[in-house]
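Residues per chain, in single letters:
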Amino acid sequence: MGRRVAFIGHINILCSNDKLRKKLKEIVKKEIVNGCNFFTMGMHGEFDDLALSVCLELKREIKSIEIEVAFTSYNAIKKYAEIFSYSDIKTCMYEIEEEHYKRQIIVSNQKMVECCDTLICYVDERISHSGAKNVVKYARKIGLEIINLI
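Report on the accompanying structure.

About the thresholds
Residues numbered from 1 in each chain as written. Predicted model: local features only at pLDDT ≥ 70, side-chain atom pairs only at ≥ 80, totals over all residues. Heavy atoms only, no water. Helix = DSSP H or I, 4+ residues; strand = E, 2+ residues; numbered from the N terminus. Buried < 20%, exposed > 50% of the residue type's maximum accessible area, 1.4 Å probe, protein only. Contact = heavy atoms within 4.5 Å. Areas by Shrake-Rupley, 256 points an atom, 1.4 Å probe, with all protein chains shown as cover. 1 Å grid on protein atoms, 1.4 Å probe; cavity = no way out; pocket = protein on both sides within 12 Å on 5 of 7 lines; lining within 4 Å. Points joined across faces, edges and corners; volume = space filled by probe spheres on them. Nonpolar A, V, L, I, M, F, W, Y, C, P; charged D, E, K, R; others polar. Salt bridge = Lys/Arg side-chain N within 4 Å of Asp/Glu carboxyl O. Expected span 1.5 Å × (residues − 1). Phe/Tyr/Trp six-rings, centres within 6.5 Å; stacked < 30°, edge-to-face > 60°. Lys NZ or Arg CZ within 6 Å of the ring centre and 35° of its normal. Axes fitted to C-alpha atoms, helices over the stretch in contact; angles between N-to-C directions. Parallel < 35°, antiparallel > 145°, perpendicular 65-115°, else oblique. Left-handed = near helix turned anticlockwise from the far one by under 90°.

A few words now on the overall build of the chain. Counting its regular elements, the chain contains 5 helices and 6 strands. Shown N-terminal to C-terminal, the secondary structure of the chain runs as helices and strands in the order β-α-β-α-β-α-β-α-β-α-β. The buried share of the chain, taken over its 150 residues, is 48%. Taking the contacts inside the chain whose residues are at least 6 apart along the sequence as the reference set, 72% of them involve residues at least 24 apart. About 8300 Å² of surface is accessible on the chain, with carbon and sulfur atoms providing 49% of the total.

Pasting the structure below:
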């Protein structure tokens, strides 16, 4: 199995989507060249949506890459039912039911990065309270390579 990449980011993107999309696409292409064939992301914000869009675009060119979307609740599955119409996307849901609902996204993101080699993120670490920032700290603690687009 090849290398694995996870995506984490703030809910809102605070810069030009076109500029960020171009930068993200270049980095994902570089990861593919370096042996990555598996990309995983959540479904809770603009950066997740952007990462999924970039990966789907590249999947049309490079059939060997795999894309996985991690859901945090059954309500999210209902909300994003159209994801299941893509045969190119795998889905998963980590065992997080026992977690308080306000921590489920954070715990799911931690489990996602535990299975990866690299974290591509859009996280402003100057923000005092941020679930995405906490996951980046966790990724750093477990020794993941981190590529921050901010």
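Picking up after the structure, the text goes on.
So, on to the layout of surface pockets. For the largest pocket, the calculated volume is near 380 Å³. Residue lining of the largest pocket: 21 residues in total, with Gly-9, His-10, Ile-11, Ile-105 and Ala-132 positioned closest to the centre. Secondary structure elements with two or more residues in the lining of the largest pocket: strand S1 (3-9), helix H4 (104-114) and helix H5 (131-141). A per-element tally of the lining of the largest pocket places H4 first, with 4 residues. Its residues placed into classes, the lining of the largest pocket shows 10 nonpolar, 9 polar and 2 charged.

Tallied over the entire structure, the rule returns 6 salt bridges. If you follow the salt bridges from partner to partner, you end up with Arg-3, Glu-31 and Glu-145 in one network.

Over its 17 residues, helix H1 (residues 17-33) runs 24 Å from end to end, which matches the ideal 24 Å to within 8%, given 1.5 Å per residue. Of all the positions in H1, only Leu-20, Leu-24, Lys-25, Ile-27, Val-28, Glu-31 and Ile-32 are classed as buried. Where H1 is buried, its residues meet S1, strand S2 (36-41), helix H2 (46-61), strand S5 (118-122) and strand S6 (145-148). Positive backbone phi, approximately 100 degrees, marks Gly-35, located one or two places after H1.

Inspection of the entire model under this criterion finds 3 aromatic pairs. Here the aromatic residues Phe-7, Phe-39, Phe-47 and Tyr-122 are joined through ring pairs into a cluster of three or more. In this structure, Arg-4 is placed above the aromatic ring of Phe-38, and the distance from its NZ or CZ to the ring centre is 3.7 Å.

A few words now on the packing of H1 against H2. Here H1 crosses H2 at 50 degrees, and the two axes come no closer than 10 Å. In terms of orientation, H1 and H2 fall into the oblique class. H2 is crossed by H1, and the crossing has right-handed handedness. Counted together, Leu-20, Arg-21, Leu-24, Lys-25, Val-28, Lys-29 and Ile-32 of H1 and Phe-47, Leu-50, Ala-51, Ser-53, Val-54, Glu-57, Leu-58 and Glu-61 of H2 form the full contact between these two elements.

Remember, this is a structural readout, not a statement about activity or role.
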